[in-house]
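# Topology and contacts: notes
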Amino acid sequence: MSPLTAHQLTRRFGRYTAVAQFSGHFPAGSVSVICGANGAGKTTALRLMLGLLPASYGHATIFGVDHRQLGPREWARIGYVSEDLQHHRALTVDTLLARWRSLYPQWDRQLERRIVDALELPRHQRLTTLSRGQRMKAHLASVLPYRPELLVLDEPFSGLDLVTRDQVVQQLVDLVAEDGTTVLVSSHEISDVETLADRLLWIRRGHLRLETEIESLRARFRRVTQPFGEPPPHVWQVQRHEDGSVSYIDPQFDPATSPPEATATALPLRDIYLALVRGPQPTLPPPVTIV
Ligand SMILES: Nc1ncnc2c1ncn2[C@@H]1O[C@H](COP(=O)(O)OP(=O)(O)OP(=O)(O)O)[C@@H](O)[C@H]1O
């Protein structure tokens, strides 16, 4: 059974529809990334699924329970780090962790130490005096040690430097490997979660446009260059070059049907995502040389 399933979740703010008919299921042990531009509806979709924001339409179930009826028993199995990172002014990293520790009998002190050390968290510093990146790390350190079965992280990497991002990703990779945690993470930047995620959900203007295994995207997308001839009709972003060659992105690459003289190279996930976002642009005319 999927720990989390969403059925046609919709949220309107006045006449504006922030999320429209969002459906998806998140298999146990999967790591899904929700990508989309600013304002696409990522935070709203996450909050709707967790029942933190009432839906205008649709519903979700978490561990088989309707999202409007989640109680302490379900929340003990869910870890959620929100984008806004609100907390009490007087809390230090240590007092924050002590608070969380007291709430969860299954709290793993060893894991807490491992995370605090790996993320180099200043235990005695007040959260209000920490940078945004440090605060994000403190909030992650307060949800990971109770080993939630479902972890929902809203933009956990924004504001983190490269080294810290890697450290956080590593903690998450370790947790998933140890516990088979189901993870749902939102991000603007797919390359941040490249080593972590196995599923991509792409949301655009409140609509879920794509839900797919990342491996199948990697297998299907190729940048292809043909020394001559016409490109196949289904390809994207065709560029014609002065020497008569043509290059394009093939979103359904199949070596058996690709022109034999063509060369195909695999694309980094970031380029695949950009190609998806930009979509199939009209064929461009050959460049004009001005002498
Ligand atoms: N309380 C609200 N009242 C009115 N509009 C809202 C409210 N909350 C969100 N919206 C609108 O819904 C849309 C989706 O917002 P949301 O925060 O879900 O986007 P997002 O994809 O998380 O964006 P970002 O990446 O910038 O954080 C935006 O246009 C936003 O202005």
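Residues numbered from 1 in each chain as written. Predicted model: local features only at pLDDT ≥ 70, side-chain atom pairs only at ≥ 80, totals over all residues.

## With respect to the overall build of the protein
Test applied: Secondary structure is summarised from DSSP: a helix means a run of H or I of at least four residues, a strand means a run of E of at least two, and numbering begins at the N terminus for each. A residue is called partly exposed when the number of other C-beta atoms within 10 Å of its own lies between 12 and 20, exposed at 12 or fewer, and buried at 20 or more, with C-beta atoms placed from the backbone. Each residue is represented by a C-beta atom placed from its backbone, and any two residues with such atoms within 7 Å are regarded as in contact.
From N to C terminus, the protein includes 8 helices and 14 strands. In terms of its C-alpha atoms, the protein occupies a principal-axis envelope of roughly 70 × 40 × 35 Å. Across the 291 residues that make up the protein, the buried fraction comes to 33%. The long-range fraction of contacts in the protein, counting pairs at least 24 apart against all pairs at least 6 apart in sequence, stands at 70%.

## Some thoughts on the nonpolar core
Let me state the cut-off plainly: For this entry, the nonpolar core is defined as buried Ala, Val, Leu, Ile, Met, Phe, Trp, Tyr and Cys residues connected by C-beta atoms within 7 Å. For the domain bounds, the source is a domain assignment made automatically or taken from a database.
Counting 64 residues, the largest nonpolar core has Leu 9, Val 33, Ala 45, Met 49 and Val 152 as its most contacted members. Residues from two domains meet in this core; each of domain 1 (4–216) and domain 2 (221–278) gives at least three. With sequence-adjacent residues up to four places away left out, Val 33 is seen in contact with Val 185, Ser 187, Ile 190, Val 193, Ala 197 and Leu 200.

## So, the site of the ligand
Short version of the rule: Here, nearness means that the C-beta atom of a residue, built from backbone geometry, sits within 6 Å of the molecule or strand in question. Residues are grouped as follows: Ala, Val, Leu, Ile, Met, Phe, Trp, Tyr, Cys and Pro are nonpolar; Asp, Glu, Lys and Arg are charged; every other residue, Gly included, is polar.
Taken together, Phe 13, Ala 18, Gly 36, Asn 38, Gly 39, Ala 40, Gly 41, Lys 42, Thr 43, Thr 44 and His 188 make up the full set of residues near the ligand. The biggest single contributor to the shell around the ligand is helix H1 (residues 42–49), with 3 residues. Class assignment of the residues belonging to the shell around the ligand gives a composition of 3 nonpolar, 7 polar and 1 charged.

## As for the environment of Ser 191
For Ser 191, the position within the fold is in the loop between strand S8 (182–187) and strand S9 (199–204). For the pair Ser 191 and Pro 268, spaced 77 residues apart in sequence, the C-alpha separation works out to 8.6 Å. Every residue in contact with Ser 191, bar those within four places of it in the chain, is listed here: Leu 269 and Arg 270.

## Description of the sheet that holds strand S12 (residues 236–240)
Pairing between the strands of a sheet comes from backbone hydrogen bonds, and it takes one of two forms, parallel or antiparallel. What counts, and what does not: Any two strands between which DSSP finds at least two bridges are classified as paired. Axis geometry follows a simple rule: fit a line to the C-alpha atoms, using only the stretch in contact for helices, then measure angles between N-to-C directions, giving values from 0 to 180 degrees.
If you walk across this open sheet you meet the 4 strands as S12-S13-S11-S14, and the pairing is antiparallel. Of all the strands in the sheet, the pair left with one neighbour each is S12 and strand S14 (263–266). When strand polarity is set aside, the average angle formed by the axes of neighbouring strands in this sheet is 15°. Two elements, strand S11 (residues 222–226) and strand S13 (residues 246–250), share 5 bridges in a ladder whose sense is antiparallel. Directly across from Arg 223, in S13, lies its bridge partner Ile 249.

## As for the pairing of S11
Relative to S14, S11 runs antiparallel, the two being bridged by 4 bridges. Bridge assignment links Thr 225 to a residue of S14, and that residue is Thr 263.

## Some remarks on the domain arrangement of the protein
Structurally, the protein comprises domain 1 (4–216) and domain 2 (221–278). For domain 1 and domain 2, the distance between their C-alpha centres works out to 36 Å. If you look at the interface, domain 1 gives 7 residues, while domain 2 gives 4 residues.

## Details of the environment of Thr 129
Within the secondary structure layout, Thr 129 lies in the loop between helix H4 (109–118) and helix H5 (132–143). Separated by 51 residues in the primary sequence, Thr 129 and Gly 180 have C-alpha atoms spaced 34 Å apart.

## Structural notes on the confidence of the model for the protein
As a reminder, the rule being used: pLDDT is a per-residue confidence score from the predictor, ranging from 0 to 100.
The predicted model of the protein has a mean per-residue pLDDT of 89, with 95% of residues at 70 or higher. For this predicted complex, the interface score ipTM comes out at 0.97, alongside a pTM of 0.89.

## Here's the deal with unusual backbone geometry
Phi is positive for Gln 21, which is not a glycine, with a value near 50°. Turning to its location among the elements, Gln 21 is positioned in strand S2 (residues 16–26). Within the chain, Phe 63 stands out as a residue other than glycine whose phi angle is a positive 50°. By the element assignment, Phe 63 lies in the loop between strand S4 (57–62) and strand S5 (65–66). By the C-beta count within 10 Å, which is 15 here, Phe 63 ends up partly exposed.

## A look at the packing of helix H3 (residues 93–103) against H5
Definition in use: Comment on the angle field: the value is read as roughly parallel under 35 degrees, roughly antiparallel over 145, roughly perpendicular from 65 to 115, and oblique elsewhere. Each crossing gets its hand from how the near helix is turned against the far one by less than a right angle, where anticlockwise is left-handed and clockwise is right-handed.
It is at 9 Å that the axes of H3 and H5 come closest, and there the two elements cross at 25°. By the angle between their directions, the pair H3 and H5 is classed as roughly parallel. By crossing handedness, the relation of H3 to H5 is classed as right-handed. Residues Val 93, Leu 96, Leu 97 and Trp 100 of H3 touch H5, and the partners they reach there are Ala 138, Ala 141 and Ser 142.

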